[in-house]
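Inside the fold
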Amino acid sequence: MTLLSPTLELAFDLISRPSVTPEDAGCQDVMIKRLEKIGFSVEKMPFGDVKNFYAKRGKSGPNICFAGHTDVVPTGPEANWKVPPFSPQIIDGYLYGRGAADMKGSLAAMITAVEEFVLANPDHDGQISFLITSDEEGPFVDGTTRVVDKLMERGEKVDWCIVGEPSSTNTLGDIIKNGRRGSFSGDLTIYGKQGHVAYPHLAINPIHLSVPAITELTNTHWDDGNEFFPPTSFQVSNINAGTGATNVVPGTLHTQFNLRFSSELNFAAIKEKIIQVLDKHQLNYDIQWTYNGEPFLTRPGKLVDAITLAVEQTANITPELSTSGGTSDGRFIAKLGTQVVELGPVNATIHQVNESVEAESLNQLAIIYQRTLENLFLNNTLTK
Ligand SMILES: [Zn+2]
């Protein structure tokens with residue numbers, strides 16, 4: 001086997017550990033060992049089955065936090081993998097294994113970047129921290145959100161945060177996420193009265209009653225979005241009603257919907273509007289809400305400038321800022337008043353069989369992270 005770079009060697013070690021959510025399988029201990037060696041003080045913060053840690057180096061000044069998760073999604077059918085999912089291999093320049101892209105490759109790159117930076121600048125200004133969880137792919141209840149609550153309680157200041165989620169689309173660094181949309185779902189049951197279709201005056205048809213309301217909700221203009229977010233959208237994901245018989249008016253209709261919303265709106269305001277529409281149509285209903293998170297947005301500023309410059313210096317491309325995609329742990333960290341961006345490798349194969357990432361791109365990613373630190377702490381020409 002050819003000699004691996006320190007970043008790839010660490011990525012191999014982490015991928016070899018079958019840390020299917022919420023398992024950590026020793027990944028965090030590997031990271032903690034490396035961080036303690038270069039002067040980090042580490043605080044383990046387990047909650048329930050979930051392992052988390054917060055580590056920090058440096059006494060004062062702005063705090064840049066590297067955030068990520070050691071858990072991975074299940075492998076799917078192992079027989080469909082080119083390599084066993086927890087036995088990483090490089091084939092034709094691509095590193096294969098569960099977590100290679102999401103996001104053990106990024107974790108390895110963060111560690112080696114910080115090691116290099118600290119070696120060259122042992123007395124650096126500011127503080128460097130890590131916030132790592134094993135509950136990002138799972139229910140995200142006992143992970144980053146709990147750690148953030150603890151940090152908030154004690155007034156910990158985190159100025160900047162880089163989440164290692166695989167943000168890149170075609171080539172490393174082409175996309176930096178500077179926000180994410182908010183998301184929530186509704187589970188709506190509309191009640192009618194079951195009866196024979198031949199005697200409609202004795203029944204109340206919940207399908208007929210709900211269609212105008214659902215149509216109004218789907219046609220509602222929620223907002224225009226803004227320069228970073230597309231307009232908010234309401235999508236119906238499921239509708240069920242009826243007994244299967246053609247001569248029965250059903251007693252209930254069950255529907256589910258989801259909203260992805262911009263930073264122009266919030267959960268409470270949208271919820272109020274939905275209830276208003278349902279009440280206007282005089283429906284008899286129950287509704288359950290599942291709230292996945294408020295949107296967050298990091299406007300261009302020192303962090304965006306520093307990481308954009310680092311990508312330009314390393315990959316020779318200018319990254320595009322984007323808020324697309326699902327939710328991420330960035331939304332929890334943003335609650336600390338932190339500027340949050342996400343930058344990681346190409347996401348083409350995440351959550352699939354044969355998850356893989358160009359091996360060299362992880363070495364490049366480590367250089368980008370290291371240069372971001374240099375741009376933040378050593379480059380005085382960047383704006384605040
Ligand atoms: Zn991830």
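Residues numbered from 1 in each chain as written. Predicted model: local features only at pLDDT ≥ 70, side-chain atom pairs only at ≥ 80, totals over all residues. Heavy atoms only, no water.

Helices and strands together make up the secondary structure of the chain, namely nine helices and 19 strands. In terms of overall dimensions, the chain has C-alpha extents of about 85 × 50 × 40 Å along its principal axes. Put simply, the chain has 384 residues, and 53% of those count as buried. For the chain, the share of sequence-separated contacts (at least 6 apart) that also reach a separation of at least 24 residues comes to 80%. If you sum the accessible surface of the chain, you get close to 16900 Å²; carbon and sulfur atoms cover 50% of it. If the 30 positive side-chain charges of the chain are averaged to one point and the 45 negative ones to another, these points end up 3 Å apart. (Helix = DSSP H or I, 4+ residues; strand = E, 2+ residues; numbered from the N terminus. Buried < 20%, exposed > 50% of the residue type's maximum accessible area, 1.4 Å probe, protein only. Contact = heavy atoms within 4.5 Å. Areas by Shrake-Rupley, 256 points an atom, 1.4 Å probe, with all protein chains shown as cover. Lys, Arg positive; Asp, Glu negative; His and termini not counted. Charge placed at Lys NZ, Arg CZ, Asp CG, Glu CD.)

Turning next to empty space enclosed by the protein. Across all of its chains, the model carries one cavity of 30 Å³ or more by this definition. Considering only enclosed or pocket space, the largest cavity measures out at about 40 Å³ in volume. Residue lining of the largest cavity: A67, G68, H69, L131, E136, T144, V163, E165 and D329, and that is the complete set. Considering each element in turn, the lining of the largest cavity owes the most residues, three residues, to strand β3 (residues 63-69). Classifying every residue of the lining of the largest cavity gives three nonpolar, three polar and three charged. (1 Å grid on protein atoms, 1.4 Å probe; cavity = no way out; pocket = protein on both sides within 12 Å on 5 of 7 lines; lining within 4 Å. Points joined across faces, edges and corners; volume = space filled by probe spheres on them. Nonpolar A, V, L, I, M, F, W, Y, C, P; charged D, E, K, R; others polar.)

What follows concerns the coordination of the zinc ion. Coordination of the zinc ion by the protein involves H69 (NE2), D102 (OD), E165 (OE) and E165 (OE), with metal-donor separations of 1.9 to 2.7 Å. Mapping the donors of the zinc ion onto the primary sequence yields the spacing H-x32-D-x62-E. On the criterion of sequence distance, the pair formed by D102 in helix α3 (residues 100-120) and E165 in the loop between β7 (160-163) and β8 (175-177) is long-range, its members being 63 residues apart. (Donors = N, O, S within 2.8 Å, 3.2 Å for Na, K, Ca; no water.)

Let's shift gears to the environment of R260. Along the polypeptide, R260 turns up in strand β14 (residues 252-261). Overall, the relative accessible area of 28% leaves R260 in the partly exposed class. Separated by 77 residues in the primary sequence, R260 and S183 have C-alpha atoms spaced 4.7 Å apart. Within the structure, R260 has its side chain in polar contact with the side chain of S183 (distance 3.3 Å). (Polar contact = N/O pair within 3.5 Å; in protein donor to acceptor, adjacent residues only side chain to side chain.)

With that settled, consider the packing of helix α1 (residues 6-15) against α3. One way to put it is that α1 packs onto α3 with a least axis distance of 8 Å and a crossing angle of 135°. Relative to α3, the element α1 lies oblique. Here α1 runs over α3; the crossing is right-handed. Only A100, K104, G105, L107, A108, A109, I111 and T112 of α3 make contact with α1, whose side of the interface consists of P6, T7, L10, A11, L14 and I15. By residue class, the composition of the contact of α1 with α3 is ten nonpolar, three polar and one charged. (Axes fitted to C-alpha atoms, helices over the stretch in contact; angles between N-to-C directions. Parallel < 35°, antiparallel > 145°, perpendicular 65-115°, else oblique. Left-handed = near helix turned anticlockwise from the far one by under 90°.)

Moving on to the sheet that holds strand β19 (residues 356-358). On the basis of which strands lie adjacent, the open sheet formed by three strands has the order β4-β5-β19 and antiparallel pairing. On the outer flanks of this sheet lie β4 (89-91) and β19, each paired with one strand and no other. With strand direction ignored, the average angle separating the axes of adjacent strands in the sheet is 30°. With three bridges connecting them, strand β5 (residues 94-96) and β19 associate as antiparallel partners. Looking at β19, one finds that Y96 is bridged to S356. In the packing of α1 onto the sheet, contacts are made with β4 and β5, and the angle to β5 comes to roughly 20°. (Pairing = 2+ DSSP bridges.)

Looking now at the packing of aromatic side chains. The full count for this structure, using the stated rule, is 14 aromatic pairs. Measuring from centroid to centroid gives 6.2 Å for W222 and F234, while their planes differ by 20°, and the two rings are stacked. In this pair, W222 sits in the loop between α5 (206-219) and β12 (233-241) while F234 sits in strand β12, placing the two residues twelve residues apart along the sequence. Each member of the pair, W222 together with F234, is buried. Here the aromatic rings of F267 and Y291 are separated by 4.4 Å at their centres, their planes lie at 5°, and the arrangement is stacked. Linking F267 in helix α6 (residues 267-280) with Y291 in strand β15 (residues 285-293), this pair joins segments that are 24 residues apart in sequence. Residue Y291 is classed as partly exposed on the basis of its relative accessible area of 34%. (Phe/Tyr/Trp six-rings, centres within 6.5 Å; stacked < 30°, edge-to-face > 60°.)

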